[in-house]
Amino acid sequence: MDLSEELPKEVRRSAYLCDICQRTFSLKSRLTNHKCVPTEEKQYNCDTCGKSFSRLDHLYTHKRLHTGERPYTCNICGNSFSVASHLNSHKRTHTGEKPYHCDICGKSFSQTNGLTSHVRTHTGEKPYQCNICGESFSERGNLAKHKNIHTGEKSYHCDICGKSFFQKVHLNSHRRTHTGERPYHCDVCGTSFIYADTLTKHKRTHTGEKPYCCDTCGKSFIEGGSLTVHRRIHTGEKPYPCDICGISFCRTNQLTVHKRRIHTGEKSYHCNNCGRSFTSRRSLTAHKRNHSNEKPYN
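Residues numbered from 1 in each chain as written. Predicted model: local features only at pLDDT ≥ 70, side-chain atom pairs only at ≥ 80, totals over all residues. Heavy atoms only, no water.

For clarity, the cut-off: UniProt positions are given in the numbering used here, feature names are shortened, and annotations may be inferred rather than shown by experiment.
An unreviewed UniProt entry lists the protein under the name Finger OZF-like isoform X2, from Octopus vulgaris. Under the Subcellular location (unreviewed entry) heading, UniProt states for the protein: "Nucleus".

**Thoughts on the overall build of the protein**
The condition is simple: Under the DSSP-based scheme used, a helix requires at least four consecutive residues in state H or I and a strand at least two consecutive residues in state E, with every element numbered from the N terminus. Contact criterion: two residues are considered in contact whenever any of their non-hydrogen atoms come within 4.5 Å of each other.
A tally of helices and strands in the protein yields eleven helices and 20 strands. Long-range pairs, those at least 24 residues apart, make up 9% of the contacts in the protein between residues at least 6 apart in sequence.

**Notes on the side chain of His146**
Put simply, the test is: Definition of a polar contact: a pair of N or O atoms within 3.5 Å, with one able to donate and the other able to accept a hydrogen when the atoms are protein atoms, and with sequence-neighbouring residues admitted only if both atoms are side-chain atoms.
Along the chain, the position of His146 falls in helix 6 (residues 140-151). A distance of 3.2 Å separates a polar atom in the side chain of His146 from a polar atom in the side chain of His150. Residues contacting His146, with those up to four places away along its chain left out, are Cys130, Cys133, Glu135 and Phe137.

**Digging into helix 10 (residues 252-264)**
Each turn of an α-helix holds 3.6 residues, which means side chains three or four residues apart point in the same direction. Applicable threshold: A simple rule labels every residue: compare its accessible area, found with a 1.4 Å probe on the protein chains alone, to the largest value its type can have, and call it buried under 20%, exposed over 50%, or partly exposed in between.
Residues Leu255, Val257, His258 and Arg260 constitute the buried set of helix 10. The secondary structure elements touched by the buried residues of helix 10 are strand 17 (240-241), strand 18 (248-249) and strand 19 (269-270). Positive phi appears at Gly265, one or two residues downstream of helix 10, with a value of about 75 degrees.

**Details of helix 3 (residues 56-67)**
Quick note on the threshold: One fewer than the residue count of a helix, multiplied by 1.5 Å, yields its expected span.
The terminal C-alpha atoms of helix 3, which comprises twelve residues, lie 17 Å apart, in line with the 16 Å expected from a rise of 1.5 Å per residue. Three or more residues of helix 3 are buried, namely Leu59, His62 and Arg64. Packing partners of the buried residues in helix 3 comprise strand 3 (44-45), strand 4 (52-53) and strand 5 (72-73). Directly after helix 3, the chain includes Gly68, whose backbone phi takes a positive value near 80 degrees.

Written as structure tokens, this is what we have:
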């Protein structure tokens, strides 16, 4: 069955199906370049993990996952990549170029995978399924993150502070907190950021864009996480229970503050004027107004 025949007319041209592996693509050129071949025709095998490839150059590229080789370096920020195309995509975070456009709503993206994921918000396609619980996802990365819920495995460790992460990309981003590197710059105000997604959210403070809308009350938000937390007002969901007393909270920071105030007495926020300590950043901020005589609510 042709997937495109099942889609509404206005989105059919955004779904191109590989008749060998059933993978779908938002662009016809991506399907053409996909060049899927049956497993028996993949004659080049990785001697480290056994994965097979139909082309020798694909095997060489794959081997860099094992060797850690990153021969393609960004001449702007110095980040290195194992694949030339990844470098080209990365450079667009500096230039702001977004050459890939959704032919349904017109939204633009700097990378083809961003467009592919976005098109699924129109089609509802969720091709990545968890083999443990059956939950499906529109992006491969979200499935990988989800699986860590089942395994609890954090395979990537910071060699500076020892903190562990589920994904290598999160470790690479975390390391910038040690190096001070901020490679993502706002072209409006010049503020720099450690993470690309933080820059994306920040830019919305300039544009006023709030793309995440509550389907219950209509309130809109700059980021998806804020919408997720907001929806709990309607559902009453409180997914973060205290492991000491059992009280549940709708936000992780509420649980953290609760533990400090009620159970541990920890006061991590210190006033640099008088040295007094507080259990939450909000309490410290309120206290500092005593020094500045600031009265924001008058």
